[in-house]
Amino acid sequence: MSERGRGQGPLLLGVRHHGPGSARAVRAALDAAGPSVVLVEGPPEADALVALAADEGMVPPVALLAHVVDEPGRSAFWPLAEFSPEWVAIRWALERDVPVRFIDLPAAHSLALRDQGATPDDPEGDGEQGEDQGGEDSREAMRVDPLAVLAETAGHDDPERWWEDVIEHRGASGDAFAPFEALGEAMGALREEYGDGGHERDLVREAYMRLQLRTAQKEFGDGVAVVCGAWHVPALRVKPTVAADRAVLKGLPKAKVDMTWVPWTHRRLARAGGYGAGIDSPGWYGHLFSAPDRPVERWMTKVAGLFRDEDRIVSSAHVIEAVRLAETLAAMRGRPLAGLTETTDAIRAVMCEGSDVPLSLVHDRLVVGDVLGEVPDAAPAVPLQRDLTRLQRSLRLKPEALERELELDLRRETDAARSRLLHRLRLLDVGWGEPARSMRASTGTFRETWRLRWEPELSVRVAEAGVWGTTVLSAATARAEADAIGAPALADVTALAERCLLAELPDALPVVMRVLADRAAMDADVAHLAQALPALVRSLRYGDVRGTDTQALSEVAAGLAERVFVGLPPACAGLDGDAAAEMRGHVDAVHAAVGLLEDDGTAGHRGRWHSVLRVLAVRDSVAGVIRGRCARLLLDDGQLAEGEAARLMGLALSPGTGPAEAAAWIEGFVGGGSGGGLLLVHDERLLALVDDWLTGVSADAFTDVLPLLRRTFSAYESGVRRTLGELVRRGPAGAGPTAAVGTATPGFAPGLDQVRADAVLPVLRLLLGTDDADAGSDSGTGSGPGDNDLVGVA
């Protein structure tokens, strides 16, 4: 130790986790003191893994992962970034062959305590770094935030900005220990005022830290440096008896745990990710740590490069002016250095022309960032990877680099288990398998086709997914629950319910169903309800094949369908062209969904839906494209007679209807690739009505409706278009509305056209293999019995 540290006990370096200023200060203090051992806040089970931090393959951000051996779902993470003071202290010690040890409460106790209601979260700025895997934030409301108290005492209303000004932007000084002494005194005053500040578990942790500190002092004397949350420094300075500390720890529950290193990301360091000791801007803090000289200039250069990659015009002059503005704002606001607020304001004004839209890109890519850490091969395997490997072996699904197709029959248990695994991995964004279209002619729901290919980066995806759980089942469950709670739209929740059934996640499904029921009850937008219903109804089909109980799903689907039935007619009134086209798509989706819903008799879903379609088909306030589509759906379901369909078309195409509205009705009735072309080919009355209306449209109106008609008829297959053209071309000139009742229809004759029928006979003889002698008596007038048979075939 240096003279500054000798005879004064251990060197206590109180820090804020993931603070670049704290990290630089720790490095300077360790250089000045030269301790014989470095003690770091963290689980002591990781002592055996700390040497891996010096491995070339270890690239932060990374995290220590502790999990209960017998119950892998009980786990916690201790993330470390390049700018974390603890990481800097570890690397400093390893580079100089100085022993480094973790001194926090063992994970064996902390995980067991968590099950008894204790929480691993601590006040922002110090406390334990452990992140509770999959747990909810259960911090007590009365806990003290030390940074907020200090900032308020200093006259600042923003703790983040106060900390940046005092610590993160603090330049090098002659006294490497001064900032830690000042911060320790401040925390001491807070502890005198607030005691444990509502962090009762800290008393247990600090008792263990003091015992570990005493052990290190016996071995190394005063050459001990401790890097811990600043909140704990006053507790480590006090000298209770060993017996008193051991009494605090007596009787603590204990679990058998295992530990490993896993990759981490800046995004998961962000407070928005639910991490108790998280920070708002890990990308910005990483920049401050890696660029201590001219950080503002370097940051603006990064932003300019990002905008240029997105094809935005940003010149060197923009960068220069943005730097000047940021520094001017910092001076006006009395800040020692331009912080994130000043640089953001300058970027908005200079590079974004006052718009906040491009700033979202800067925040996502740079302020937060997508930096992904790496863990060397020598590190123990992540529990999720172990569980996946075990499942792959038991299901005989070997990862392969070459792409291969896998056909699954869900009636077989092994294939069903394979399907569950692949669907769960897809929920975790581990795209080992992607659904594919089967080459087999099967319409059943008991078959699935997958295209499998194991890419090297999928190992990273598995490690990333470890944040959700330590087994495939627990991780997929936690991810599904989080996705349900954070889903932006009702349709997203119903799609997630479908995926939960495919992946067979019984614990996640109740959460998804609760969110689904709440969203459905609160959402009054019929369009949203119509979007959500199809996926929900499709999900009901999986109960038969997969043996899943879908009773709750069925109840929600029935309620959702009823709300759609009631709300759809008023929602379809008074829509413009774009909105009507979108609503037509919703009508089609609901129609398909109702077809899959189980009917409970004459008063079931189909009957109710047909009543809604009838209302929409005849209501004048409904857009033509919707009225036409509803009429067509009723006709296809046998709920509308052909004569009634012709009557509705006649009304829609009457002279009193505007050409644009009439064209929209035609598009709804025969457009959209729904077989409308064949309907016109085989129904002479409908073809006559369309032809009569089209020939009567004025030249000016025809120009207006031509794009819509072209879009409608261009969707037909070429053969259908050619047949329709021939029918219209051969039709009697001047055929009028009377054709609709069958007297004279364009393209059709009242009886059999014998000449046209005889024209197909040579081709039929060739196809049937009849010889010329047998066919001789069939030529001519076609009066023989063979002609009648062949004409019947034709």
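Coordinates for the structure precede this section.
Residues numbered from 1 in each chain as written. Predicted model: local features only at pLDDT ≥ 70, side-chain atom pairs only at ≥ 80, totals over all residues. Heavy atoms only, no water.

## Quick look at the overall build of the chain
A count of helical and extended segments in the chain gives 37 helices and 11 strands. Among the 794 residues that make up the chain, the fraction classed as buried is 51%. Within the chain, contacts between residues separated by at least 24 positions form 75% of all contacts whose residues are at least 6 apart in sequence. Total accessible area on the chain stands at roughly 36400 Å², and carbon and sulfur atoms take up 52% of it. (Helix = DSSP H or I, 4+ residues; strand = E, 2+ residues; numbered from the N terminus. Buried < 20%, exposed > 50% of the residue type's maximum accessible area, 1.4 Å probe, protein only. Contact = heavy atoms within 4.5 Å. Areas by Shrake-Rupley, 256 points an atom, 1.4 Å probe, with all protein chains shown as cover.)

## Examining helix α14 (residues 340–350)
Given 3.6 residues per turn, any residue in an α-helix points the same way as the ones three and four places further on. Within α14, burial applies to L340, E342, T343, A346, I347 and V350. Summarising the axial view, the buried residues of α14 lie within an arc of 165 degrees, below the 170-degree limit, and thus occupy one face. (Arc of directions from axis to C-beta.)

## A look at the packing of helix α25 (residues 577–596) against helix α27 (residues 624–636)
For any two helices packed against each other, the geometry is given by the interaxial angle and the distance between the axes. For the pair α25 and α27, interaxial distance at closest approach is 9 Å and the crossing angle is 20 degrees. Judged by the inter-axis angle, α25 sits roughly parallel to α27. Crossing angle aside, the handedness with which α25 passes α27 is right-handed. Taken together, the residues of α27 that come into contact with α25 (itself represented by A580, A581, M583, R584, V587, D588 and H591) are V625, I626, R629, C630 and L633. Looking at the contact of α25 with α27 residue by residue, the class counts come to 8 nonpolar, 1 polar and 3 charged. (Axes fitted to C-alpha atoms, helices over the stretch in contact; angles between N-to-C directions. Parallel < 35°, antiparallel > 145°, perpendicular 65-115°, else oblique. Left-handed = near helix turned anticlockwise from the far one by under 90°. Nonpolar A, V, L, I, M, F, W, Y, C, P; charged D, E, K, R; others polar.)

## Examining a nonpolar patch on the surface
Together, L694, F702 and L706 make up a nonpolar patch on the protein surface, roughly 220 Å² of accessible area in all. Locating L694 in the fold gives a position in helix α31 (residues 684–696). (Patch = residues over 30% accessible without salt bridge, like charges linked within 9 Å, V, L, I, M, F, W, Y side chains within 5 Å. Salt bridge = Lys/Arg side-chain N within 4 Å of Asp/Glu carboxyl O.)

## A short note on the pairing of strand β4 (residues 75–80)
Taking burial as the measure, the 6 residues of β4 include 6 buried ones, the bulk of the element. Going residue by residue along β4, you find S75, F77 and P79 tucked away on one face and A76, W78 and L80 tucked away on the opposite face as well. Sheet topology places strand β3 (residues 62–68) next to β4; 6 bridges connect them, and they run antiparallel. Bridge assignment links L64 to a residue of β4, and that residue is W78. (Pairing = 2+ DSSP bridges.)

## As for the sheet that holds strand β1 (residues 11–15)
Spatially, β1-β7-β2-β5 is the arrangement adopted by the 4 strands of the open sheet, whose pairing is parallel. Each end of this open sheet is capped by a strand with a single partner; those strands are β1 and β5 (100–102). The average undirected angle you get between the axes of adjacent strands in this sheet is 20 degrees. Judged from the 5 bridges that link them, β1 and strand β7 (residues 224–229) form a sheet pairing that is parallel. Each bridged residue has a counterpart across the sheet, and for L13 the counterpart in β7 is V227. Sitting on the sheet, helix α2 (residues 85–95) touches β1, β2 (37–40), β5 and β7, and the angle it makes with β2 is about 155 degrees.

## With respect to the sheet that holds strand β11 (residues 447–452)
Across the sheet, 3 strands lie side by side as β9-β11-β10; this open sheet has antiparallel pairing. Looking at the sheet topology across the chains shown, the edges are occupied by β9 (404–409) and β10 (433–435). Pairs of neighbouring strands in the sheet enclose a mean axial angle of 35 degrees, with direction left out of account. Here β10 pairs with β11 via 3 bridges, running antiparallel. Counted as the bridge partner of G433 is L452 from β11. With respect to the sheet, helix α17 (residues 413–427) is in contact with β9, β10 and β11, its orientation differing from that of β9 by roughly 120 degrees.

## Things to note about the packing of aromatic side chains
This model, assessed by the stated rule, comprises 5 aromatic pairs. Ring geometry for W87 versus W261: centroids 6.3 Å apart, planes at 85 degrees, classification edge-to-face. Here W87, found in helix α2, pairs with W261, found in strand β8 (residues 257–263); they are 174 residues apart in sequence, far enough to count as distant. Residues W284 and W299 carry aromatic rings whose centres are separated by 4.9 Å and whose planes lie at 85 degrees to one another, so their mutual orientation is edge-to-face. Taken as a pair, W284 in helix α11 (residues 282–290) and W299 in helix α12 (residues 295–309) lie far apart in primary sequence, 15 residues in all. Taken individually, W284 and W299 each receive the classification buried, so the pair is uniform in this respect. Taking NZ or CZ as reference, R312 lies 5.4 Å from the ring centre of F307, over its face. (Phe/Tyr/Trp six-rings, centres within 6.5 Å; stacked < 30°, edge-to-face > 60°. Lys NZ or Arg CZ within 6 Å of the ring centre and 35° of its normal.)

## Focus: helix α1 (residues 20–33)
Taking 1.5 Å per residue, 14 residues should reach 20 Å; α1 reaches 20 Å between its end C-alpha atoms and fits that length. Those residues of α1 that fall on the buried side of the exposure criterion are P20, G21, S22, A23, A25, V26, A29, L30 and A33. In the stretch just after α1, G34 is the one whose phi turns positive, near 60 degrees. (Expected span 1.5 Å × (residues − 1).)

## A short note on the nonpolar core
Core analysis: the biggest nonpolar cluster contains 104 residues, and L421, W432, L568, W609 and F669 have the highest contact counts within it. A total of 8 residues in this core trace back to one element, the largest contributor, which is helix α22 (residues 526–540). Core analysis: the second largest hydrophobic core is formed by 53 residues, L65, L190, V319 and V467 among them. (Core = buried A, V, L, I, M, F, W, Y, C linked by side-chain atoms within 4.5 Å.)

## Thoughts on the side chain of S110
Following the sequence through the fold, S110 ends up in helix α3 (residues 107–114). In this structure the side chain of S110 is engaged in a polar contact, spanning 3.2 Å, whose partner is the backbone oxygen of A107. Once residues lying within four places of it in the same chain are set aside, the contact partners of S110 are W78, L105 and R201. (Polar contact = N/O pair within 3.5 Å; in protein donor to acceptor, adjacent residues only side chain to side chain.)

## Details of the packing of α12 against helix α15 (residues 357–368)
Relative to each other, α12 and α15 sit at 115 degrees, their axes nearing to 11 Å. In the crossing of α12 with α15, the sense of the turn from one axis to the other is right-handed. On the side of α12, the interface is formed by W299, K302, V303, L306 and F307, while α15 contributes P358, L361, V362, R365, L366 and V367.

## Section: the pattern of salt bridges
Evaluated as defined, the whole model comprises 33 salt bridges. With its nearest N and O atoms 3.0 Å apart, the salt bridge here joins D293 to R298. Exposure remark for D293: the relative accessible area of 41% places this residue in the partly exposed category. Residue classification places R298 among the partly exposed positions, given a relative accessible area of 40%. R411 is paired through a salt bridge with D409; the nearest N and O atoms lie 3.0 Å apart. On the accessibility criterion, D409 (8% relative accessible area) is buried. Through salt bridges with shared partners, a single network forms among R333, R335, E342, D345, R348 and D356.

## Observations concerning the state of the cysteines
The final tally for this structure, using the stated rule, is 0 disulfides. Free of any disulfide, C630 has its nearest neighbouring cysteine sulfur in C572, separated by 6.8 Å. (Disulfide = S-S within 2.5 Å.)

## Regarding unusual backbone geometry
What is expected of a backbone is that most residues other than glycine have negative phi and most peptide bonds are trans. The omega torsion across P60 and P61 is 10 degrees, close enough to zero to call that bond cis. Looking at where P61 falls in the secondary structure, it is placed in the loop between β2 and β3. In this structure, H18 takes a positive phi of about 60 degrees despite not being glycine. Secondary-structure assignment places H18 in the loop between β1 and α1. Even without glycine at this site, D429 takes up a positive phi of about 65 degrees. Its place among the elements puts D429 in the loop between α17 and β10. Of the residues examined, D429 reaches a relative accessible area of 39% and is grouped as partly exposed.

## Things to note about the environment of A29
Examined against the element boundaries, A29 turns out to sit in helix α1. Separated by 196 residues in sequence, A29 and A225 place their C-alpha atoms 9.4 Å apart. Apart from residues no more than four positions distant in its own chain, A29 is found in contact with L11, L13, A176, F177 and F180.

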